Amino acid sequence: MTLSRFFVRRFHQMRVDVVSRDIIKPSSPTPNHLKKFKLSLLEQLGPTIFGPMVFFYSANNSIKPTEQLQMLKKSLSETLTHFYPLAGRLKGNISIDCNDSGADFLEARVNSPLSSLLLEPSSDSLQQLIPTSVDSIETRTRLLLAQASFFECGSMSIGVCISHKLADATSIGLFMKSWAAISSRGSIKTIGAPVFDTVKIFPPGNFSETSPAPVVEPEIMMNQTLSKRFIFDSSSIQALQAKASSFEVNQPTRVEAVSALIWKSAMKATRTVSGTSKPSILANSASLRSRVSPPFTKNSIGNLVSYFAAKAEEGINQTKLQTLVSKIRKAKQRFRDIHIPKLVGNPNATEIICSYQKEAGDMIASGDFDFYIFSSACRFGLYETDFGWGKPVWVGFPSVRQKNIVTLLDTKEAGGIEAWVNLNEQEMNLFEQDRELLQFASLNPSVIQPFLHVL
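Residues numbered from 1 in each chain as written. Predicted model: local features only at pLDDT ≥ 70, side-chain atom pairs only at ≥ 80, totals over all residues. Heavy atoms only, no water.

The name given to the chain in an unreviewed UniProt entry is Transferase, with the source organism recorded as Arabidopsis thaliana x Arabidopsis arenosa. The UniProt entry for the chain carries this comment under Subunit (unreviewed entry): "Monomer." For the record of the chain, the UniProt heading Sequence similarities (unreviewed entry) holds the text "Belongs to the plant acyltransferase family." (UniProt positions renumbered as here; feature names shortened; annotations may be inferred.)

A few words now on the sheet that holds strand β5 (residues 89–91). With antiparallel pairing, three strands are arranged side by side in an open sheet as β3-β6-β5. Unpaired on one side and paired on the other, β3 (36–38) and β5 mark the two borders of the sheet. On average, adjacent strands in this sheet sit at an angle of 30° to one another, irrespective of strand direction. In this sheet, strand β6 (residues 95–97) lies alongside β5 in antiparallel orientation, the contact comprising three bridges. Bridge assignment links Arg-89 to a residue of β6, and that residue is Asp-97. (Pairing = 2+ DSSP bridges. Helix = DSSP H or I, 4+ residues; strand = E, 2+ residues; numbered from the N terminus. Axes fitted to C-alpha atoms, helices over the stretch in contact; angles between N-to-C directions.)

On to the nonpolar core. Phe-56 and Trp-179 are the most contacted members of the largest nonpolar core, which has 75 residues in total. Tallying contributions element by element places helix α5 (residues 169–185) first for this core, with seven residues. Here this core spans two domains, and each of domain 1 (16–200) and domain 2 (226–443) adds at least three residues to it. Among all residues touching Phe-56, those that are not within four sequence positions of it are Leu-114, Leu-117, Leu-126, Leu-129, Phe-151, Met-156, Ser-157, Pro-392, Val-393, Trp-394 and Gly-396. Counting residues in hydrophobic clusters, the runner-up holds 53 residues, among them Phe-230, Ala-257, Leu-288 and Tyr-372. (Core = buried A, V, L, I, M, F, W, Y, C linked by side-chain atoms within 4.5 Å. Buried < 20%, exposed > 50% of the residue type's maximum accessible area, 1.4 Å probe, protein only. Domains from an automatic or database assignment. Contact = heavy atoms within 4.5 Å.)

Strands sit in the order β12-β11-β13-β15-β16-β10-β17 across an open sheet of seven strands; the sheet is mixed. The open sheet has two free edges, formed respectively by β12 (305–312) and β17 (442–443), since each of these has just one partner strand. Where strand β15 (residues 405–410) and strand β16 (residues 417–424) come together, six bridges link them in antiparallel fashion. In the strand pairing of β16, Leu-408 is matched with Ala-419. Set on the sheet, helix α8 (residues 254–274) makes contact with β10 (225–232), β11 (280–287), β12, β13 (370–376), β15 and β16; between it and β13 the angle comes to about 155°.

Attention shifts here to the packing of helix α7 (residues 234–244) against α8. At their nearest, the axes of α7 and α8 sit 9 Å apart, and the two run at 80° to each other. Taken together, α7 and α8 sit at an angle that is classed as roughly perpendicular. Residues Ile-237, Leu-240 and Gln-241 of α7 form the contact with α8, whose participating residues are Arg-254, Ala-257, Val-258 and Leu-261. A per-class count over the contact of α7 with α8 returns five nonpolar, one polar and one charged. (Parallel < 35°, antiparallel > 145°, perpendicular 65-115°, else oblique. Nonpolar A, V, L, I, M, F, W, Y, C, P; charged D, E, K, R; others polar.)

If you walk through the whole model with that rule in mind, you get 20 salt bridges. Put simply, Arg-254 and Asp-410 hold a salt bridge, and the shortest N to O gap is 3.0 Å. One end of the pair, Arg-254, is in helix α8; the other, Asp-410, is in strand β15, with 156 residues separating them in the sequence. For the pair formed by Arg-254 and Asp-410, the shared burial category is buried. Across the salt bridge formed by Glu-436 and Lys-264, the nearest N and O atoms sit 2.9 Å from each other. (Salt bridge = Lys/Arg side-chain N within 4 Å of Asp/Glu carboxyl O.)

What follows is about the confidence of the model for the chain. Counting all residues, the mean pLDDT for the chain is 87, and 89% of those residues have values of 70 or more. Under a pLDDT of 50 for its full length, residues 1–12 has, in the predicted model, 37 contacts with residues more than four places off or in other chains. Taken as a whole, residues 450–455 scores under 50 in pLDDT and shows 14 contacts with residues more than four places along the chain or in a different chain. (pLDDT = per-residue confidence, 0-100.)

The next point concerns the packing of α7 against helix α9 (residues 321–343). It is the contact of α7 with α9, at a shortest axis distance of 8 Å, that shows an interaxial angle of 90°. Considered as vectors, α7 and α9 are oriented roughly perpendicular to each other. Here Leu-240, Lys-243 and Ala-244 of α7 come into contact with α9, specifically with Leu-321, Gln-322 and Val-325. Looking at the contact of α7 with α9, its residues break down into four nonpolar, one polar and one charged.

Have a look at this one:
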């Protein structure tokens, strides 16, 4: 393998050396009639950042790292034939040139065993295991980069960065499952072919340089923002659901209960640090796939998300756990019953969506509200992503360093939730000591202790 690029990244004792960088092109050329891929309105409104994920695999004595690398590259090439826009290049905020330029594939070596990372996972260590930063200059043209990192114990990680200009978290998960299926079984029959149909339901907006799309780009603050991991196990979530239930919401979902508690604790920390009680808004990402009529297929690829917002005013009654769960549930119902019907088949849909987006951007910029953005990748089946050497022992999320961002994922153990919470340093110091939060959550426990002996 040729050494096209070599550099070193350090974090505490863990050192990651990138030893090669290749371009992987689709195994079959993209037909001429598919060369120009138009972005739908939702993709045009998506932020110009990468969605990152890292999948960790324990050592497998039956396969050598060199064989794993060859399998990954060959199967990625075949996967890109199905996901052909990811091998193209972004052209402004209008289209993708599906020219088969290819995806970057990095190989890296880690100077420590996987167990040392899993004993105390951190966002900083995860950042080293993805091929580029989520807000790098590569976001302007590239749509996919991947990195295979080999630990000294023989374990490995696969990190990906996929542009939000084409893919939401569901799409990223679908891509990874497809890549894994081709690697392990030689086919995506069990997954199904991806469908690129978002532009049919959400045609592109007529934007220009003088009248650009109202994209809300994340304000990334590396130095002032802390990103920490909290684990809610299954039994704790059941107890939290019981505590959060009320006459209005008899059975809160796992995500509703956990979101309400994190919102409550973060709100308390923010108001204590600032000494003020601004209205607090929780903006929650919501997939449009099954909510529009007719629904998108489960294999539709795109940035198919919108947001619903719940609002809590100042006052003790406004911040009770049960009240916050009810606010989240009602906001979700309004989104489904009122917001969604306005979007499909409506000639004014572009204006409606853009006005919502602009309103959200103005609210964040005004500073008159405490604004939290929540997203969930729960029930995505990420732990089924098997490339041929076993299922992942952990799936990590290298969080964007933007304050007041919360990302929820499933734990490997059924029924649990892993939350990555971003707050500024002063607020995080209070948040991570919140007594009510710590009744139900553990701050950054080691990952799957029983498995550490094989890592």
